[in-house]
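Structure at a glance
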Amino acid sequence: EANPQGTLSLLEATIGTWSREQLHKWNTGRQQIVWALEKIAVWEDTFLGSARLLMSMALAENASYSNNSKGTFLSLFMLGDGWAPTQAPPEIRFQILTELIKSPDQSMKELGLEVCKSWMSTYGGMRIVGAEYQGLRPTIQFWRPKTYGEIWDSLLKIWDCLWSESGGWTTALKEIAHTTLLESAPGLIQIPSIADRILDTIYLMANDPVADKKKIAHFAIHQLKYREDHLPEEIINRLSELDTLITGSTFRERFNRYVIYTDWDEDNNFVNGEVTDNPVPVERVQQLADEAAAHSEIIDDLLSLFVSLEGHRLYLFGYRLSFATGCSLIGRIIAAQELALSQLRTQFIGGYLAGVKEQQREVWEESISSVLKSESLRSVGVELVFRTGASEKIVNELVQLYRDKQVPSHAFTLFGLFTGEDRLSRKTIESVLEALSEQPDERALSLMVEIADHYFCENKEPISTSEDLVFKIIKIDDYCKRTNQHGQGYHWQRIVNAFRKQSLGKDLELFEHIITRLDSSIRQTDYACRVADDIAKVNPDKAWEIVGKFMDKVKEEYSWYILSWLG
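Here's a quick rundown of the structure. (Residues numbered from 1 in each chain as written. Predicted model: local features only at pLDDT ≥ 70, side-chain atom pairs only at ≥ 80, totals over all residues. Heavy atoms only, no water.)

What follows concerns helix H7 (residues 106-119). For H7, with 14 residues, the first-to-last C-alpha span of 20 Å sits near the 20 Å given by 1.5 Å per residue. Restricting attention to buried positions, one finds in H7 the residues Met108, Lys109, Leu111, Gly112, Leu113, Val115, Cys116, Ser118 and Trp119. Looking at the buried residues of H7, the elements they touch are helix H2 (20-25), helix H4 (47-58), helix H5 (69-75), helix H6 (90-101), helix H8 (148-166) and helix H9 (171-188). (Helix = DSSP H or I, 4+ residues; strand = E, 2+ residues; numbered from the N terminus. Expected span 1.5 Å × (residues − 1). Buried < 20%, exposed > 50% of the residue type's maximum accessible area, 1.4 Å probe, protein only. Contact = heavy atoms within 4.5 Å.)

What follows covers the pairing of strand S2 (residues 274-277). In summary, the side chains of a regular strand alternate between the two faces of the sheet. By the bridge criterion, 4 bridges tie strand S1 (residues 268-271) to S2 in an arrangement that is antiparallel. In the strand pairing of S2, asparagine 268 is matched with aspartate 277. Between S1 and S2, which follow one another and run antiparallel, lie 2 residues, and asparagine 272 among them has a positive phi close to 50°. (Pairing = 2+ DSSP bridges.)

Moving on, we come to the layout of surface pockets. By volume, the second largest pocket is sized at about 490 Å³. Leu224, Lys225, Asp265, Asn268 and Asn269 are the residues nearest the centre of the second largest pocket, which is lined by 20 residues in total. Mapped by element, the contributors of at least two residues to the lining of the second largest pocket are helix H11 (213-226), S1 and helix H14 (280-294). (1 Å grid on protein atoms, 1.4 Å probe; cavity = no way out; pocket = protein on both sides within 12 Å on 5 of 7 lines; lining within 4 Å. Points joined across faces, edges and corners; volume = space filled by probe spheres on them.)

Let us look at a nonpolar patch on the surface. A cluster of nonpolar side chains, contributed by Trp544, Leu563 and Leu566, occupies part of the molecular surface with about 300 Å² of accessible area. Counting through the fold element by element, tryptophan 544 comes out in helix H29 (residues 540-550). (Patch = residues over 30% accessible without salt bridge, like charges linked within 9 Å, V, L, I, M, F, W, Y side chains within 5 Å. Areas by Shrake-Rupley, 256 points an atom, 1.4 Å probe, with all protein chains shown as cover. Salt bridge = Lys/Arg side-chain N within 4 Å of Asp/Glu carboxyl O.)

Here helix H1 (residues 4-13) has its buried residues at Pro4, Leu8 and Leu11. The arc that holds every buried residue of H1, seen down its axis, measures 65°, which confines them to one face. In H1, the exposed positions angled more than 90 degrees off the buried face are occupied by Leu10 and Ala13. Buried-residue contacts for H1 involve helix H3 (30-40) and H4. (Arc of directions from axis to C-beta.)

One can describe the packing of helix H19 (residues 361-373) onto helix H20 (residues 378-388) by two numbers: an axis separation of 6 Å at closest approach and a directional angle of 145°. Two packed elements cross with a definite hand, and for H19 against H20 that hand is left-handed. On H20, the residues that touch Trp364, Ile368, Val371, Leu372 and Lys373 of H19 are Arg378, Val380, Gly381, Val382, Leu384, Val385 and Thr388. (Axes fitted to C-alpha atoms, helices over the stretch in contact; angles between N-to-C directions. Left-handed = near helix turned anticlockwise from the far one by under 90°.)

Relative orientation of the contacting elements helix H18 (residues 347-359) and H20 amounts to 55°, with a least axis distance of 9 Å. By the angle between their directions, the pair H18 and H20 is classed as oblique. Two packed elements cross with a definite hand, and for H18 against H20 that hand is right-handed. Taking contact as the criterion, the partners of Gln347, Ile349, Gly350, Leu353, Ala354 and Lys357 in H18 are, on H20, Leu384, Arg387 and Thr388. When the residues that make up the contact of H18 with H20 are grouped by side-chain class, the tally is 4 nonpolar, 3 polar and 2 charged. (Parallel < 35°, antiparallel > 145°, perpendicular 65-115°, else oblique. Nonpolar A, V, L, I, M, F, W, Y, C, P; charged D, E, K, R; others polar.)

Okay, here's the thing in structure tokens:
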């Protein structure tokens, strides 16, 4: 604060000479230097030097908190009235930006893109007060524009600069640049004097073969959905035209727009305070499914595309296509899916087989079974069970595959939720739980209590005939060390409470098991502590005998938790 020029010179002569590797390894005192440079950057005549040092540190960032060197550096390029903690006007700050985005170094370009995003933000965000207060000096006044036009001109200058420079970049960098522009555009099109220029660029972007048209479509959809009442009519019309441009006229273009590019914003209408389903997106998908079914060349040309994509309504498209084609494409779709295994995308085939299941359940079951039996397609089969449901036959096959270590435990996800025709018998649920308990992995631990909770608690199935199995599951050592994990702990506590109500006489055995495996004593967050509390309240004398047996075994880790639990 007393000598910013001298301090800057010293830092330039020391850390300013370090390599990026040295800067990345540097930890001790690093944040203190960031704070010093933040104080130096407030002055117009020391801005460039301090910003370049922060830039070098940001390129070698090794901290994750928001006011690290990178966060502090980016904050210097906010453009709003008093947002950036510096006296330096935009024309001085612009020099740093051009150094970054015109650099041949890719990491500098990427940092420059982040600077552009910070510069073009129309929201102030948050800034920690401090740099403006230095010793006995008057409070420093940061740069402020004389007119709003000065801000609008600077925003447009950065926008045009980034668009112009990114034209010659590699495809990967150009995609990041396009994303930066599109993420900034919603705020910029609300400024009347520059809105048309912003949309001009986005129109050019939409015609670029490497542009991500899905992101452009999302931009148009979101603005037409939420900004319609706040934008001039001519801007709304141009956004509608942009949407029409993206939609195109061929089947492939319309499929992309209505199946792949669409999102949640189009699913509902909000009128007079009420949310209603928007029927139009579903109708569009139905029309596309009917068109594909009526023209075999569409299936011939695009089937390989369908099985390798992901999209908001691709599952629905597959589902509707199964009805439109009378389930006749199953063999072709499975063959196409096998050729597209590298992507493991199952939305389309999942939707198609869900439709087959409703029309021809036996055909669906045989199709899933055949896929599970195929070594190359087995991972697809696991995903299809997740997407379409299961039957007793399919589950028994999965259990055997799990015992043979051919499928992972997540193959049994959602089993406890199956209802209707998919409702599994007690015998089948028990076979799943036994298999998972005998070969538990990270996911199996949570799946066992989830399945048991939904089957025995949600469906109010009596535990009595499965008592030994359920007790074996809730006594797995790892649960008492994981019950502070909310989801797993919640399911575990529910099944324990249900077990205690229906299976009397096991409380004290369970109590001893819990208190000798506690990994926490915080009742508010640990479900095992709560269960121990409940048992101790019902059986205080016998619980005390158990506690007394273990609390003085100071060599054991659990003795500390027991004493802490006693409170």
